[in-house]
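These are the residues of each chain, in order.
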Amino acid sequence: MNQVHHVLNADQMANIALRMLACINREVVLHSVRTAYLAYKTVCVHPMNKQCIPEKLVMLAIFHTIGFFREDIHFNYFPHDANIDYFANEKSVESKYVFACYYLEYMTPLKGDAVGLQNFLQPYNKDLRQYVYQEEYKDVIYLCARISDYVMKNPDKPLPSDLNELAPGHFDPEYVAAFSEANKNNVLTDTIKIGTHFDEITKLVSTIQLSPAENKMLEKMLIHLLDFKSTSTMKHSINTSSYALSLGLRMNLTDHELTVLYNSAFLHDIGKMATPQRILESPGKLSPEDMGIMHHHVNHSKRILSGFVDDEILETVYRHHEKLNGQGYPHHVEGKDLTLIQRILTVADITSALNDSRSYKGEFSKDKTISIIKDMTDKGELDPRITKFVIEDFDELVKEQQFFQSMLAVDFSKVIINYNNYIYEDVDMWVENLMNATTTYNENTEDIDDIEELEDLEEL
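Only a predicted model underlies this, so the values are computations on that prediction, with no experimental measurement involved.

In this section: the overall build of the protein chain. Broken down by element type, the protein chain carries 22 helices and zero strands. Taking 460 residues into account, the globule formula puts the C-alpha radius of gyration at 23 Å, and the protein chain, at 24 Å, falls close to it. Scored against the burial criterion, the 460 residues of the protein chain give a buried share of 55%. A separation of at least 24 residues holds for 73% of the contacts in the protein chain among residues at least 6 apart in sequence. Total accessible area computed for the protein chain in this model is approximately 20300 Å², and 50% of it derives from carbon and sulfur atoms. Of the side-chain charges in the protein chain, 43 are positive and 70 negative, and the distance between the mean point of each set is 4 Å.

Below, the structure is given as C-alpha coordinates:
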(Lines give C-alpha, C1' and ligand atoms only; values in the text may rest on other atoms or scores of the structure.)
Protein backbone atom coordinates (compact mmCIF):
# COMPACT_ATOMS: atom_id res chain seq x y z
CA MET A 1 0.00 0.00 0.00
CA ASN A 2 1.82 3.05 -1.30
CA GLN A 3 0.17 5.60 1.02
CA VAL A 4 1.69 3.97 4.11
CA HIS A 5 5.37 4.34 4.88
CA HIS A 6 7.29 2.03 7.19
CA VAL A 7 9.00 4.56 9.44
CA LEU A 8 10.86 2.25 11.86
CA ASN A 9 14.43 1.32 10.99
CA ALA A 10 16.41 -1.77 12.03
CA ASP A 11 17.93 -0.03 15.04
CA GLN A 12 14.57 1.06 16.43
CA MET A 13 12.92 -2.32 15.88
CA ALA A 14 15.82 -4.26 17.41
CA ASN A 15 15.69 -2.11 20.54
CA ILE A 16 11.90 -2.34 20.80
CA ALA A 17 12.15 -6.13 20.40
CA LEU A 18 14.69 -6.33 23.23
CA ARG A 19 12.47 -4.27 25.53
CA MET A 20 9.53 -6.53 24.68
CA LEU A 21 11.53 -9.68 25.39
CA ALA A 22 12.85 -8.19 28.63
CA CYS A 23 9.25 -8.18 29.85
CA ILE A 24 9.45 -11.99 29.70
CA ASN A 25 13.00 -12.54 30.94
CA ARG A 26 15.33 -9.62 31.50
CA GLU A 27 18.35 -11.78 32.35
CA VAL A 28 18.28 -13.57 29.00
CA VAL A 29 18.22 -10.20 27.20
CA LEU A 30 21.19 -8.95 29.21
CA HIS A 31 23.13 -12.15 28.47
CA SER A 32 22.42 -11.81 24.74
CA VAL A 33 23.53 -8.18 24.57
CA ARG A 34 26.73 -8.96 26.48
CA THR A 35 27.39 -11.80 24.05
CA ALA A 36 26.85 -9.51 21.05
CA TYR A 37 29.28 -6.94 22.44
CA LEU A 38 32.01 -9.49 23.11
CA ALA A 39 31.49 -11.11 19.70
CA TYR A 40 31.81 -7.82 17.87
CA LYS A 41 34.98 -6.87 19.76
CA THR A 42 36.48 -10.29 19.02
CA VAL A 43 35.97 -10.10 15.25
CA CYS A 44 37.42 -6.59 15.23
CA VAL A 45 40.71 -8.28 16.14
CA HIS A 46 40.25 -11.39 13.98
CA PRO A 47 37.99 -10.65 10.97
CA MET A 48 35.66 -13.40 9.81
CA ASN A 49 35.67 -14.85 6.30
CA LYS A 50 34.35 -12.61 3.53
CA GLN A 51 30.90 -14.23 3.53
CA CYS A 52 30.29 -13.30 7.18
CA ILE A 53 29.26 -9.74 8.04
CA PRO A 54 29.93 -8.18 11.48
CA GLU A 55 26.51 -6.49 11.60
CA LYS A 56 24.79 -9.82 10.99
CA LEU A 57 26.96 -11.41 13.67
CA VAL A 58 25.71 -8.81 16.14
CA MET A 59 22.05 -9.38 15.21
CA LEU A 60 22.49 -13.15 15.44
CA ALA A 61 24.13 -12.79 18.85
CA ILE A 62 21.36 -10.51 20.11
CA PHE A 63 18.63 -12.95 19.09
CA HIS A 64 20.38 -16.33 19.37
CA THR A 65 18.52 -16.95 22.64
CA ILE A 66 15.04 -16.16 21.30
CA GLY A 67 13.92 -19.73 21.94
CA PHE A 68 14.31 -19.15 25.69
CA PHE A 69 11.47 -16.59 25.69
CA ARG A 70 8.87 -19.04 24.49
CA GLU A 71 6.90 -21.43 26.68
CA ASP A 72 7.52 -25.00 25.52
CA ILE A 73 5.22 -27.67 26.90
CA HIS A 74 7.29 -30.36 25.16
CA PHE A 75 9.91 -29.88 27.87
CA ASN A 76 7.76 -28.38 30.61
CA TYR A 77 9.70 -25.14 30.10
CA PHE A 78 8.49 -21.75 31.29
CA PRO A 79 10.48 -18.69 30.20
CA HIS A 80 10.64 -16.83 33.52
CA ASP A 81 13.47 -18.85 35.09
CA ALA A 82 16.25 -16.65 36.42
CA ASN A 83 18.79 -19.48 36.59
CA ILE A 84 18.97 -20.82 33.07
CA ASP A 85 21.74 -23.20 32.07
CA TYR A 86 22.36 -22.09 28.49
CA PHE A 87 24.82 -24.90 27.78
CA ALA A 88 23.35 -28.04 29.35
CA ASN A 89 23.85 -31.05 27.11
CA GLU A 90 20.15 -31.82 27.02
CA LYS A 91 17.58 -31.74 24.26
CA SER A 92 15.44 -29.35 26.31
CA VAL A 93 18.23 -26.75 26.01
CA GLU A 94 19.40 -27.68 22.53
CA SER A 95 15.80 -27.22 21.35
CA LYS A 96 15.89 -23.52 22.24
CA TYR A 97 18.70 -22.90 19.74
CA VAL A 98 17.05 -25.09 17.11
CA PHE A 99 13.88 -23.01 17.48
CA ALA A 100 15.98 -19.82 17.23
CA CYS A 101 17.52 -21.14 14.03
CA TYR A 102 14.16 -21.64 12.32
CA TYR A 103 12.61 -18.49 13.81
CA LEU A 104 15.42 -16.24 12.61
CA GLU A 105 15.55 -18.01 9.23
CA TYR A 106 11.88 -17.57 8.40
CA MET A 107 10.89 -14.51 10.44
CA THR A 108 13.85 -12.13 10.01
CA PRO A 109 16.25 -10.84 7.34
CA LEU A 110 18.99 -13.07 8.82
CA LYS A 111 17.53 -16.05 6.94
CA GLY A 112 20.14 -18.72 6.19
CA ASP A 113 22.80 -17.02 8.30
CA ALA A 114 21.06 -18.53 11.34
CA VAL A 115 21.64 -22.13 10.25
CA GLY A 116 24.65 -22.57 12.55
CA LEU A 117 22.42 -22.25 15.61
CA GLN A 118 21.17 -25.79 14.96
CA ASN A 119 24.58 -27.00 16.13
CA PHE A 120 25.08 -24.35 18.80
CA LEU A 121 26.01 -26.79 21.57
CA GLN A 122 28.20 -28.98 19.40
CA PRO A 123 32.03 -28.90 19.63
CA TYR A 124 34.11 -26.82 17.24
CA ASN A 125 34.25 -28.50 13.83
CA LYS A 126 36.87 -27.05 11.51
CA ASP A 127 35.96 -29.39 8.64
CA LEU A 128 32.25 -28.50 8.75
CA ARG A 129 33.08 -24.81 8.49
CA GLN A 130 34.67 -25.39 5.10
CA TYR A 131 31.24 -26.31 3.75
CA VAL A 132 28.91 -24.27 5.97
CA TYR A 133 30.33 -20.77 6.36
CA GLN A 134 27.57 -19.82 8.84
CA GLU A 135 29.27 -22.09 11.39
CA GLU A 136 31.75 -19.28 11.90
CA TYR A 137 28.99 -17.07 13.28
CA LYS A 138 28.08 -19.86 15.67
CA ASP A 139 31.68 -20.43 16.79
CA VAL A 140 32.19 -16.77 17.69
CA ILE A 141 28.82 -16.44 19.42
CA TYR A 142 29.27 -19.66 21.41
CA LEU A 143 32.68 -18.57 22.70
CA CYS A 144 31.39 -15.17 23.75
CA ALA A 145 28.18 -16.57 25.25
CA ARG A 146 30.28 -18.86 27.44
CA ILE A 147 32.39 -15.91 28.57
CA SER A 148 29.31 -13.74 29.22
CA ASP A 149 27.75 -16.48 31.33
CA TYR A 150 30.94 -17.12 33.31
CA VAL A 151 31.61 -13.45 34.06
CA MET A 152 28.09 -12.83 35.36
CA LYS A 153 27.98 -16.01 37.45
CA ASN A 154 31.48 -15.39 38.84
CA PRO A 155 31.71 -11.60 39.20
CA ASP A 156 34.62 -11.74 41.63
CA LYS A 157 36.70 -14.27 39.71
CA PRO A 158 38.95 -13.62 36.72
CA LEU A 159 38.53 -15.60 33.54
CA PRO A 160 40.56 -18.82 33.46
CA SER A 161 44.01 -18.27 31.99
CA ASP A 162 43.09 -20.98 29.48
CA LEU A 163 39.62 -20.17 28.14
CA ASN A 164 39.25 -23.72 26.88
CA GLU A 165 38.59 -24.75 30.47
CA LEU A 166 35.12 -23.22 30.09
CA ALA A 167 34.14 -25.74 27.39
CA PRO A 168 36.91 -28.11 26.29
CA GLY A 169 36.84 -28.82 22.58
CA HIS A 170 34.16 -26.23 21.78
CA PHE A 171 36.24 -23.16 20.88
CA ASP A 172 37.99 -22.11 17.70
CA PRO A 173 41.64 -21.54 18.80
CA GLU A 174 41.99 -18.49 16.55
CA TYR A 175 39.02 -16.75 18.15
CA VAL A 176 40.20 -17.67 21.63
CA ALA A 177 43.44 -15.85 20.82
CA ALA A 178 41.53 -12.93 19.30
CA PHE A 179 39.33 -12.53 22.36
CA SER A 180 42.32 -12.68 24.67
CA GLU A 181 44.01 -9.92 22.71
CA ALA A 182 40.87 -7.78 22.69
CA ASN A 183 40.45 -8.32 26.43
CA LYS A 184 43.92 -7.17 27.48
CA ASN A 185 43.85 -5.81 31.01
CA ASN A 186 40.26 -7.17 31.25
CA VAL A 187 38.97 -4.20 29.29
CA LEU A 188 36.02 -6.15 27.80
CA THR A 189 35.00 -8.10 30.87
CA ASP A 190 35.19 -4.98 33.04
CA THR A 191 33.03 -3.15 30.52
CA ILE A 192 30.24 -5.74 30.61
CA LYS A 193 30.40 -5.84 34.42
CA ILE A 194 29.67 -2.12 34.70
CA GLY A 195 27.24 -2.10 31.77
CA THR A 196 28.80 0.53 29.52
CA HIS A 197 28.79 -1.91 26.57
CA PHE A 198 25.16 -1.01 25.86
CA ASP A 199 26.09 2.34 24.32
CA GLU A 200 28.55 0.76 21.93
CA ILE A 201 26.14 -1.96 20.82
CA THR A 202 23.41 0.64 20.32
CA LYS A 203 25.71 2.70 18.08
CA LEU A 204 26.67 -0.38 16.10
CA VAL A 205 23.07 -1.51 15.57
CA SER A 206 22.16 2.01 14.44
CA THR A 207 24.50 1.58 11.46
CA ILE A 208 22.65 -1.48 10.12
CA GLN A 209 20.99 -0.73 6.82
CA LEU A 210 18.19 -2.98 5.55
CA SER A 211 16.16 -2.98 2.36
CA PRO A 212 12.46 -2.00 2.56
CA ALA A 213 11.51 -5.68 2.30
CA GLU A 214 13.86 -6.59 5.15
CA ASN A 215 12.46 -3.77 7.29
CA LYS A 216 8.98 -5.17 6.73
CA MET A 217 10.17 -8.56 7.97
CA LEU A 218 11.39 -7.02 11.23
CA GLU A 219 8.12 -5.13 11.52
CA LYS A 220 6.22 -8.40 11.29
CA MET A 221 8.56 -10.00 13.80
CA LEU A 222 7.70 -7.31 16.36
CA ILE A 223 4.03 -8.19 16.09
CA HIS A 224 4.66 -11.92 16.24
CA LEU A 225 6.77 -11.58 19.38
CA LEU A 226 3.43 -10.95 21.08
CA ASP A 227 2.62 -14.57 20.29
CA PHE A 228 5.19 -15.58 22.93
CA LYS A 229 2.79 -14.13 25.50
CA SER A 230 -0.68 -14.25 23.92
CA THR A 231 -1.73 -15.47 20.48
CA SER A 232 -5.04 -13.60 20.69
CA THR A 233 -3.22 -10.33 21.43
CA MET A 234 -0.99 -10.84 18.40
CA LYS A 235 -3.99 -11.48 16.14
CA HIS A 236 -5.85 -8.52 17.62
CA SER A 237 -2.94 -6.19 16.82
CA ILE A 238 -2.98 -7.29 13.18
CA ASN A 239 -6.76 -6.91 12.95
CA THR A 240 -6.75 -3.50 14.62
CA SER A 241 -4.17 -2.29 12.10
CA SER A 242 -6.39 -3.50 9.28
CA TYR A 243 -9.54 -1.81 10.59
CA ALA A 244 -7.55 1.36 11.22
CA LEU A 245 -6.41 1.53 7.59
CA SER A 246 -9.94 0.88 6.31
CA LEU A 247 -11.34 3.66 8.48
CA GLY A 248 -8.43 6.01 7.77
CA LEU A 249 -8.96 5.74 4.03
CA ARG A 250 -12.67 6.47 4.45
CA MET A 251 -11.77 9.53 6.52
CA ASN A 252 -9.55 10.75 3.66
CA LEU A 253 -6.40 10.93 5.76
CA THR A 254 -3.22 12.20 4.15
CA ASP A 255 -0.32 9.81 3.50
CA HIS A 256 1.43 11.13 6.62
CA GLU A 257 -1.68 10.62 8.75
CA LEU A 258 -2.19 7.10 7.41
CA THR A 259 1.43 6.30 8.18
CA VAL A 260 1.08 7.51 11.77
CA LEU A 261 -2.20 5.62 12.15
CA TYR A 262 -0.83 2.35 10.75
CA ASN A 263 2.37 2.39 12.80
CA SER A 264 0.44 3.34 15.95
CA ALA A 265 -2.07 0.56 15.33
CA PHE A 266 0.35 -2.32 15.00
CA LEU A 267 2.29 -1.09 18.05
CA HIS A 268 -0.72 -0.19 20.19
CA ASP A 269 -0.80 -3.30 22.43
CA ILE A 270 2.91 -3.99 22.59
CA GLY A 271 2.86 -3.26 26.33
CA LYS A 272 0.83 -6.41 26.94
CA MET A 273 4.16 -8.24 26.86
CA ALA A 274 4.38 -7.06 30.49
CA THR A 275 0.87 -8.21 31.39
CA PRO A 276 0.55 -11.63 33.07
CA GLN A 277 -0.54 -14.32 30.65
CA ARG A 278 -3.31 -15.54 32.94
CA ILE A 279 -4.93 -12.10 32.60
CA LEU A 280 -4.49 -11.87 28.83
CA GLU A 281 -5.89 -15.36 28.34
CA SER A 282 -8.43 -15.33 31.18
CA PRO A 283 -11.57 -17.32 30.27
CA GLY A 284 -13.82 -15.18 32.46
CA LYS A 285 -14.50 -11.68 33.69
CA LEU A 286 -11.49 -10.00 35.29
CA SER A 287 -11.53 -8.91 38.91
CA PRO A 288 -11.14 -5.17 39.61
CA GLU A 289 -7.51 -5.81 40.61
CA ASP A 290 -6.76 -7.71 37.41
CA MET A 291 -8.54 -5.09 35.34
CA GLY A 292 -6.26 -2.48 36.89
CA ILE A 293 -3.23 -4.50 35.83
CA MET A 294 -4.68 -4.90 32.34
CA HIS A 295 -5.26 -1.15 32.04
CA HIS A 296 -1.60 -0.57 32.86
CA HIS A 297 -0.55 -2.04 29.49
CA VAL A 298 -0.73 1.43 27.91
CA ASN A 299 1.95 2.60 30.33
CA HIS A 300 4.11 -0.40 29.44
CA SER A 301 3.65 0.38 25.74
CA LYS A 302 4.83 3.94 26.29
CA ARG A 303 7.85 2.72 28.28
CA ILE A 304 8.83 0.17 25.62
CA LEU A 305 8.47 2.59 22.71
CA SER A 306 9.90 5.75 24.32
CA GLY A 307 13.01 6.94 22.51
CA PHE A 308 12.37 4.76 19.45
CA VAL A 309 9.24 6.24 17.85
CA ASP A 310 8.25 9.85 17.31
CA ASP A 311 5.98 11.65 19.77
CA GLU A 312 2.91 11.54 17.52
CA ILE A 313 2.99 7.74 17.32
CA LEU A 314 3.86 7.44 21.02
CA GLU A 315 0.89 9.57 22.12
CA THR A 316 -1.50 7.81 19.74
CA VAL A 317 -0.50 4.44 21.20
CA TYR A 318 -0.75 5.80 24.75
CA ARG A 319 -4.24 7.24 24.22
CA HIS A 320 -5.97 4.43 22.34
CA HIS A 321 -8.25 3.74 25.33
CA GLU A 322 -9.29 7.35 25.90
CA LYS A 323 -12.91 8.31 25.15
CA LEU A 324 -14.44 11.56 23.89
CA ASN A 325 -16.47 12.00 27.10
CA GLY A 326 -13.38 11.72 29.29
CA GLN A 327 -14.35 8.30 30.66
CA GLY A 328 -11.39 6.43 29.16
CA TYR A 329 -7.95 5.72 30.56
CA PRO A 330 -5.22 6.29 31.62
CA HIS A 331 -5.76 10.08 31.98
CA HIS A 332 -9.45 10.67 31.14
CA VAL A 333 -8.50 12.88 28.21
CA GLU A 334 -11.53 14.59 26.66
CA GLY A 335 -12.43 14.77 22.98
CA LYS A 336 -11.20 18.32 22.46
CA ASP A 337 -7.67 17.08 23.18
CA LEU A 338 -7.85 13.89 21.10
CA THR A 339 -6.62 14.01 17.50
CA LEU A 340 -8.54 12.46 14.62
CA ILE A 341 -5.90 9.73 14.32
CA GLN A 342 -6.27 8.87 18.01
CA ARG A 343 -10.06 8.72 17.65
CA ILE A 344 -9.80 6.41 14.64
CA LEU A 345 -7.45 4.03 16.43
CA THR A 346 -9.87 3.83 19.37
CA VAL A 347 -12.74 2.82 17.06
CA ALA A 348 -10.55 0.34 15.18
CA ASP A 349 -9.37 -1.22 18.46
CA ILE A 350 -12.93 -1.64 19.75
CA THR A 351 -14.22 -2.99 16.44
CA SER A 352 -11.45 -5.58 16.38
CA ALA A 353 -12.05 -6.53 20.03
CA LEU A 354 -15.75 -7.07 19.38
CA ASN A 355 -15.31 -8.96 16.12
CA ASP A 356 -12.42 -11.19 17.28
CA SER A 357 -12.55 -14.43 19.21
CA ARG A 358 -10.95 -14.10 22.64
CA SER A 359 -10.27 -16.46 25.52
CA TYR A 360 -13.36 -15.12 27.31
CA LYS A 361 -15.70 -14.76 24.32
CA GLY A 362 -16.41 -15.87 20.80
CA GLU A 363 -16.66 -13.61 17.78
CA PHE A 364 -19.63 -11.29 18.17
CA SER A 365 -22.22 -11.24 15.43
CA LYS A 366 -22.46 -8.33 13.04
CA ASP A 367 -25.65 -7.09 14.73
CA LYS A 368 -24.19 -7.26 18.23
CA THR A 369 -20.98 -5.51 17.17
CA ILE A 370 -22.90 -2.69 15.48
CA SER A 371 -25.27 -2.40 18.45
CA ILE A 372 -22.38 -1.92 20.89
CA ILE A 373 -20.66 0.60 18.60
CA LYS A 374 -23.94 2.56 18.31
CA ASP A 375 -24.42 2.52 22.07
CA MET A 376 -20.89 3.79 22.73
CA THR A 377 -21.38 6.51 20.13
CA ASP A 378 -24.69 7.60 21.68
CA LYS A 379 -22.99 7.81 25.08
CA GLY A 380 -20.48 10.26 23.64
CA GLU A 381 -17.51 7.87 23.88
CA LEU A 382 -16.75 7.49 20.15
CA ASP A 383 -16.66 9.92 17.22
CA PRO A 384 -19.84 9.49 15.10
CA ARG A 385 -17.96 10.64 11.96
CA ILE A 386 -15.87 7.47 12.27
CA THR A 387 -18.35 4.97 13.70
CA LYS A 388 -20.82 5.62 10.90
CA PHE A 389 -18.48 3.66 8.59
CA VAL A 390 -18.50 0.69 10.97
CA ILE A 391 -22.28 0.86 11.17
CA GLU A 392 -22.98 1.47 7.45
CA ASP A 393 -20.05 -0.36 5.78
CA PHE A 394 -19.48 -3.23 8.20
CA ASP A 395 -19.51 -5.98 5.58
CA GLU A 396 -17.08 -4.09 3.35
CA LEU A 397 -14.76 -3.41 6.29
CA VAL A 398 -14.64 -7.10 7.12
CA LYS A 399 -13.92 -8.02 3.47
CA GLU A 400 -11.05 -5.54 3.33
CA GLN A 401 -9.35 -7.16 6.30
CA GLN A 402 -7.99 -10.02 4.23
CA PHE A 403 -6.02 -7.57 2.09
CA PHE A 404 -4.76 -5.32 4.87
CA GLN A 405 -3.86 -8.22 7.16
CA SER A 406 -1.31 -9.36 4.58
CA MET A 407 0.78 -6.30 5.48
CA LEU A 408 1.57 -7.83 8.88
CA ALA A 409 0.67 -11.51 8.62
CA VAL A 410 3.46 -14.04 8.14
CA ASP A 411 3.55 -17.76 7.47
CA PHE A 412 4.70 -19.14 10.82
CA SER A 413 4.03 -22.71 9.73
CA LYS A 414 7.57 -23.24 8.39
CA VAL A 415 9.00 -22.49 11.82
CA ILE A 416 6.60 -24.87 13.54
CA ILE A 417 6.91 -27.66 10.99
CA ASN A 418 10.69 -27.71 11.11
CA TYR A 419 10.78 -27.39 14.88
CA ASN A 420 8.23 -30.16 15.37
CA ASN A 421 10.15 -32.43 13.01
CA TYR A 422 13.16 -31.93 15.26
CA ILE A 423 11.12 -32.50 18.44
CA TYR A 424 9.43 -35.68 17.26
CA GLU A 425 12.70 -37.35 16.33
CA ASP A 426 12.53 -38.78 19.83
CA VAL A 427 8.87 -39.63 20.41
CA ASP A 428 9.41 -41.52 23.67
CA MET A 429 11.19 -38.53 25.20
CA TRP A 430 8.42 -36.18 24.08
CA VAL A 431 5.65 -38.36 25.54
CA GLU A 432 7.46 -38.58 28.88
CA ASN A 433 7.91 -34.81 29.05
CA LEU A 434 4.30 -34.20 28.07
CA MET A 435 3.07 -36.54 30.82
CA ASN A 436 5.26 -34.72 33.36
CA ALA A 437 4.02 -31.37 32.13
CA THR A 438 0.38 -32.24 32.82
CA THR A 439 1.13 -32.78 36.51
CA THR A 440 3.23 -29.66 37.11
CA TYR A 441 1.82 -27.11 34.70
CA ASN A 442 -0.76 -25.60 37.03
CA GLU A 443 1.65 -25.29 39.96
CA ASN A 444 4.37 -23.57 37.95
CA THR A 445 2.14 -21.12 36.15
CA GLU A 446 0.41 -20.13 39.37
CA ASP A 447 3.72 -19.26 41.00
CA ILE A 448 4.93 -17.37 37.95
CA ASP A 449 1.72 -15.38 37.58
CA ASP A 450 1.75 -14.45 41.29
CA ILE A 451 5.25 -13.03 40.88
CA GLU A 452 4.30 -11.12 37.73
CA GLU A 453 1.17 -9.74 39.34
CA LEU A 454 3.09 -8.45 42.37
CA GLU A 455 5.64 -6.78 40.09
CA ASP A 456 2.93 -5.15 37.99
CA LEU A 457 0.97 -4.01 41.04
CA GLU A 458 4.12 -2.52 42.53
CA GLU A 459 4.77 -0.58 39.31
CA LEU A 460 1.10 0.45 39.04
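Let's pick the thread back up.
Overall, the predicted model of the protein chain reaches an average pLDDT of 90, with 92% of residues at or above 70. When mean pLDDT is compared element by element in the protein chain, helix α16 (residues 311–318) scores highest at 98, while helix α22 (residues 427–459) scores lowest at 48.

In this section: helix α20 (residues 394–405). Relative to the 16 Å expected for 12 residues at 1.5 Å per residue, α20 spans 16 Å between its end C-alpha atoms, a close match to the ideal helical length. Every buried residue belonging to α20 is among Phe 394, Leu 397, Gln 401 and Phe 404, and all of these are buried. The arc that holds every buried residue of α20, seen down its axis, measures 85 degrees, which confines them to one face. Away from its buried face by more than 90 degrees, α20 exposes Lys 399, Gln 402 and Phe 403. On its buried face, α20 is in contact with α11 (231–250), α17 (340–355), α18 (366–378) and α19 (384–392).

To continue, consider the pattern of salt bridges. Opposite charge on two side chains lets them pair, provided their charged atoms get close. Across all of its chains, the model carries 21 salt bridges by this definition. Lys 56 is paired through a salt bridge with Asp 113; the nearest N and O atoms lie 3.0 Å apart. A residue pair is termed long-range when its members are at least 10 positions apart, and Lys 56 in helix α3 (residues 54–63) and Asp 113 in the loop between α4 (91–107) and α5 (126–131) qualify at 57 residues. Accessibility expressed as a relative area gives 28% for Lys 56, which makes it partly exposed. Residue class for Asp 113 comes out buried when judged on its relative accessible area of 7%. With a closest N to O distance of 2.7 Å, Arg 129 and Asp 139 form a salt bridge. Of this pair, Arg 129 sits in helix α5 while Asp 139 is found in helix α6 (residues 135–153), placing the two residues 10 residues apart along the sequence. Note on accessibility: Arg 129 and Asp 139 belong to one class, buried.

In this structure, Ile 16, Phe 63, Tyr 103 and Leu 267 are the most contacted members of the largest nonpolar core, which totals 136 residues. Beyond its immediate sequence surroundings of up to four residues, Ile 16 is in contact with Leu 8, Leu 222, Ile 270, Ile 304, Leu 305, Phe 308 and Val 309. Counting residues in hydrophobic clusters, the runner-up holds five residues, among them Ile 279, Leu 286, Ile 293 and Met 294.

The next subject is the packing of α3 against α6. Running from amino to carboxyl end, α3 crosses α6 at an angle of 55 degrees, the nearest separation of the two axes being 10 Å. One way to sum up the angle between α3 and α6 is to call them oblique. Along this stretch, α3 crosses α6, giving a crossing that reads as right-handed. Of α6, the residues touching α3 (which contributes Lys 56, Leu 57, Leu 60 and Ala 61) are Tyr 137, Val 140 and Ile 141. Here the contact of α3 with α6 is composed, by residue class, of six nonpolar, no polar and one charged.

Between helix α10 (residues 212–225) and helix α12 (residues 255–267), whose axes approach to 10 Å, the crossing angle comes to 35 degrees. For the pair α10 and α12, the contacting residues are Glu 219, Leu 222 and Ile 223 in the first and Tyr 262, Asn 263, Phe 266 and Leu 267 in the second. Of the residues assigned to the contact of α10 with α12, the class counts are five nonpolar, one polar and one charged.

This next bit is on unusual backbone geometry. Residues Tyr 329 and Pro 330 are joined by a peptide bond in cis, for which omega reads 15 degrees. Looking at the secondary structure, you find Pro 330 in the loop between α16 and α17. Phi is positive for Asn 76, which is not a glycine, with a value near 55 degrees. By the element assignment, Asn 76 lies in the loop between α3 and α4. Taking relative accessible area as the criterion, Asn 76 reaches 23% and is therefore assigned partly exposed. Although it is not a glycine, His 332 sits at a positive phi angle of roughly 50 degrees. Residue placement: His 332 occurs in the loop between α16 and α17.

Now for the packing of aromatic side chains. Each aromatic ring pair is described using two quantities: the centre-to-centre distance and the angle formed by the ring planes. The tally for this structure, following the rule as stated, stands at 16 aromatic pairs. Consider the rings of Phe 120 and Tyr 142, whose centres lie 5.3 Å apart with planes at 70 degrees: the pair is edge-to-face. In this pair, Phe 120 is assigned in the loop between α4 and α5 and Tyr 142 in helix α6, connecting sequence segments 22 residues apart. This pair shows no difference in class: Phe 120 is buried, exactly as Tyr 142 is. Through successive ring pairs, a cluster of aromatic residues spans Phe 68, Tyr 77, Tyr 86, Phe 87, Tyr 97, Phe 120, Tyr 142 and Phe 171. One cation-aromatic arrangement involves Lys 91 over Tyr 422; the distance from NZ or CZ to the ring centre is 4.5 Å.

Rules used throughout
Residues numbered from 1 in each chain as written. Predicted model: local features only at pLDDT ≥ 70, side-chain atom pairs only at ≥ 80, totals over all residues. Heavy atoms only, no water. Helix = DSSP H or I, 4+ residues; strand = E, 2+ residues; numbered from the N terminus. Rg over C-alpha atoms; globule rule 2.2 N^0.38 Å. Buried < 20%, exposed > 50% of the residue type's maximum accessible area, 1.4 Å probe, protein only. Contact = heavy atoms within 4.5 Å. Areas by Shrake-Rupley, 256 points an atom, 1.4 Å probe, with all protein chains shown as cover. Lys, Arg positive; Asp, Glu negative; His and termini not counted. Charge placed at Lys NZ, Arg CZ, Asp CG, Glu CD. pLDDT = per-residue confidence, 0-100. Expected span 1.5 Å × (residues − 1). Arc of directions from axis to C-beta. Salt bridge = Lys/Arg side-chain N within 4 Å of Asp/Glu carboxyl O. Core = buried A, V, L, I, M, F, W, Y, C linked by side-chain atoms within 4.5 Å. Axes fitted to C-alpha atoms, helices over the stretch in contact; angles between N-to-C directions. Parallel < 35°, antiparallel > 145°, perpendicular 65-115°, else oblique. Left-handed = near helix turned anticlockwise from the far one by under 90°. Nonpolar A, V, L, I, M, F, W, Y, C, P; charged D, E, K, R; others polar. Phe/Tyr/Trp six-rings, centres within 6.5 Å; stacked < 30°, edge-to-face > 60°. Lys NZ or Arg CZ within 6 Å of the ring centre and 35° of its normal.

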